[in-house]
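The residues making up each chain are set out below.
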Amino acid sequence: MMSRQSNHRETFAVIRDDDAAFQEESSTRSQNVLTAMKLLAASALFYSAGTSFAQTWQQPTVTSSNQPFHGEEPSAASVPTNNAYSFTNYRHLDVVTHGRRLNEISKEAPPSYMRDLVEDLKARKKLMEETPPEEVKYWFEYTGPLQKYFYRYSRSRKKADSFEGRDDSGVVSSRFVEQAGGGTEYSKFFNRNPNEIPKDEIPAYTRLLDNCLAMGSTNRPNRSEGSVWAELFGKTEGDSTLPDRCRILFSINTVGAGRGTTILWETRPPLPHSAEPRPWISEQETAATHLERNLQEIDAMCATGLIAARVQVLVCEPIPGVWTDWMDSMLPNCGGKADPMVAGKDAETNQLEDRASPVQVVVTASPKTADVCHNLKSGFMEQRMQDLTLAPPYLTDQNVDFNSFDPSKKTTHPDLVSSDDHDLYVAFKWSTLITVRAVNSFLQASADLAIAAASRDADTPISKEDEEDGVTVVLSSAPSSPFLIPSFVRVSYVSEENNKVAKWRMHGDFFHPAAWEICKDSFDMSWIPNSLSGSGGVTPVCDGVQNCGQWWVYFAEEQMPTSPEIYANEVTAPLVQGGSNYVWMITERQRQEVVKVKVCIHAAGDDKSKKDQCGDYPQAVIPLGDLESFLMNFTPNTALGKKHGSNRFPGYSRAEERKRDREKVKERKQLKDQEDIEKALFEYTIYPAALFHKDATIKAARARDFALTGAKRDPDAIGPQMIKSAYYDVTITKPREATSAWCQAIARNGFCTLYADYFRSFVDERCMEACGMLKNWSKIQKVTDEL
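Read on for an overview of the structure. (Residues numbered from 1 in each chain as written. Predicted model: local features only at pLDDT ≥ 70, side-chain atom pairs only at ≥ 80, totals over all residues. Heavy atoms only, no water.)

Contact geometry of helix H7 (residues 207-215) with helix H14 (residues 436-454) gives a least axis separation of 9 Å together with a crossing angle of 55 degrees. Judged on the interaxial angle alone, H14 and H7 are oblique. Considering the relative orientation of H7 and H14, their crossing is left-handed. Seen from H7, the contacting residues are Arg207, Leu208, Asn211, Cys212 and Met215; seen from H14, they are Val436, Asn440, Leu443, Gln444, Ser446, Ala447 and Ala450. Of the residues in the contact of H7 with H14, the class split is seven nonpolar, four polar and one charged. (Axes fitted to C-alpha atoms, helices over the stretch in contact; angles between N-to-C directions. Helix = DSSP H or I, 4+ residues; strand = E, 2+ residues; numbered from the N terminus. Parallel < 35°, antiparallel > 145°, perpendicular 65-115°, else oblique. Left-handed = near helix turned anticlockwise from the far one by under 90°. Contact = heavy atoms within 4.5 Å. Nonpolar A, V, L, I, M, F, W, Y, C, P; charged D, E, K, R; others polar.)

To continue, consider the environment of Tyr652. Counting through the fold element by element, Tyr652 comes out in the loop between strand S17 (631-633) and helix H20 (655-668). As for Tyr652 and Met560, which are separated by 92 residues in sequence, their C-alpha atoms are 9.1 Å apart. In terms of polar contacts, Tyr652 uses its side chain to reach the backbone amide nitrogen of Glu558, at 2.9 Å. (Polar contact = N/O pair within 3.5 Å; in protein donor to acceptor, adjacent residues only side chain to side chain.)

An order of S17-S11-S12-S18 is seen for the four strands of this open sheet, with the pairing classed as mixed. Because the sheet does not close on itself, it has two edges, and the strands there are S17 and strand S18 (687-688). Sheet analysis places strand S12 (residues 514-515) next to S18, joined by two bridges and oriented antiparallel. Bridged to Ala514 within S18 is Pro688. (Pairing = 2+ DSSP bridges.)

Bringing the environment of Lys694 into the picture now. When you line up the elements, Lys694 lands in helix H22 (residues 689-709). Sequence-wise, Lys694 and Tyr728 are 34 residues apart; in three dimensions their C-alpha atoms are separated by 7.0 Å.

Let us look at the state of the cysteines. Taken as a whole and assessed by the stated rule, the structure comprises seven disulfides. At a sulfur-sulfur separation of 1.9 Å, the disulfide partner of Cys542 is Cys548. Handedness of the Cys542-Cys548 disulfide follows from its S-S torsion of about -60 degrees: it is left-handed. Residue classification places Cys542 among the buried residues on the basis of a relative accessible area of 7%. Cys548 gets classed as buried once you look at its relative accessible area, which sits at 6%. Cys752 shares a disulfide with Cys771; S-S distance 2.0 Å. Disulfide Cys752-Cys771: the torsion about the S-S bond is -75 degrees, which places it as left-handed. (Disulfide = S-S within 2.5 Å. Buried < 20%, exposed > 50% of the residue type's maximum accessible area, 1.4 Å probe, protein only.)

The subject of this paragraph is the pairing of strand S16 (residues 619-623). Buried residues dominate S16, accounting for five of its five residues. Going residue by residue along S16, you find Gln619, Val621 and Pro623 tucked away on one face and Ala620 and Ile622 tucked away on the opposite face as well. By the bridge criterion, three bridges tie strand S10 (residues 484-486) to S16 in an arrangement that is parallel. Of the residues in S16, the one forming a bridge with Ile485 is Ala620. Bridge count for strand S14 (residues 549-555) against S16 is three bridges, and the pairing is antiparallel. Note that in S16 the partner of Tyr554 across the bridge is Val621.

Shown next as structure tokens:
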């Protein structure tokens, strides 16, 4: 990644502009609505008996962390295989020897990072016990400070209107989380002083790095004195080398970024310590505030000492150098040069610098195609982002030999920072907030899928129960299995048109960011055995543990944004089926597998039989126990309240059922003279994060209940018969007891993953259901009539 030193940070990289190649790739990849049809078919295959997952087991190789590692030799793609979850744990044996093993963790003496949660549970119990029953309020199970929701700004009064409430959704938002770092708990965890960390807890704090190295590139950077790495991340002491980091490439799609109707780059960047008031961040008055927050989040990742970030800013036309300087100054912990005013220095004269920069601006269009690039419906920049990230060899050589090419080698222009070696690639639009929490959760989910595949041999027969229950998906090393990649969903807070709309859309006294690109019909639920990875990289946790694994949200439909993005998706489909085009991640191992599939399809040409042998594109999944970490805040918060196209809406696979439901409502006259409410129910998609979590949990619990009851199921009974969700399958007459609410708060805030060493030790079963790790949920206690 840091293999070369760029010239001055204002140097632009201009990628090859081949419109014919762009059109060919777009038509081959998307085929408009055909992708949606493929998803439905894939959904059926996903639940078919004998489903398994491809995995090439790599024995862990131990090397010194001070030496470059050159793991296994990358194999040529002579036969279509599915090795996306191959991994190399060259660190984990050393970590485990000096670290606390999972079976040494105790519920009575929890790790130090659990102290705040333990105190929180005590406070919840005390509140419930000391409050008279008649004074118990429904919001007692939700804790947290009251927050102001600013829904409208008055220029004449120079004041923003607001009302108070609590955001208990668990989603990280720039609106309610002022400091960068993925939230208070994540920032505190990843920035803890290493000298204060107990020796036996070190694996918990290095889990992000270990997962990244295991799933990343085997080519490690030169970290010796005089290297670019040393220039960016500090000088070495003596003959020692700097520690390794997770190398992440952040690609930012800036199409549509502006200030009002003016393109952002034609304005000036925010000035530090300026006398004028800051632009209001909730409305899309200027994209600069959203870009600034994303850069702050990336810089906070570098400040942890675990991540080495490079930022590739994708633009349609060259931009002024002042913007490049400003972006560079926003990343001092990543190797950028801090603004003199911020650093407390006198302003320096502008002069050409010969130093490495964490920022590279890439002009993706030529003068002929600039207008197409600026068109939000064209899908131009979405395709460029995929091309730069994947770097398939046919971009530079149309005659690629599929039987001999090496997917680990990139043939794109060497001046592009994306041509370097990276461990993780993060691609997102400027309007989507990226955080260390999302990165950590993605890496953990990827490791979980990898260990699930590695834990089972392809020749091992699937048990009759797993084959027939309809929800269990067994992953193994079989090459015919689906290709799963954790994916994201964008969420937004209520639109700021007026206070009535804002209050109407606010759920009670709580703020719930909502999705608009999916609904409850967009996904199914599956249980994947052994899909829990331990510390030290991709390591087993489930050995000897019965019914060990976790529940996953599986997307059976494509996400459906509103105009103009829906049209861009039809030109350039998302890289992951069911995933998002506007925020996605992929590890180096996953990238190589996608490249093999794309090269195979490219080499097949119009031969359908050959294309069928190339394998499928990846499918989108999300771990239920960490759902909110994969809900990414759309920072302008103006996405809700827009209508979808007549044939382009979430739940399209059940359009006829939706139509019948609306007709029934009309026939019963349930919404007589309430056309506005009827339209809100059926014409707009506002899917709150809390409802998404509830629907996913209920779907999983009901699916498992059906599997357990089988032929014994009472056809006339309503609701669950054998098992239920302990949290959601209750009649709400008062707040739920403290422990249940505590566990749900843990899951919503992403602590099941952040504190995975504790929650995956199986010494504390209280939160296993909330963390999505309980296959059979909670038993229904039968009430017997003794009379």
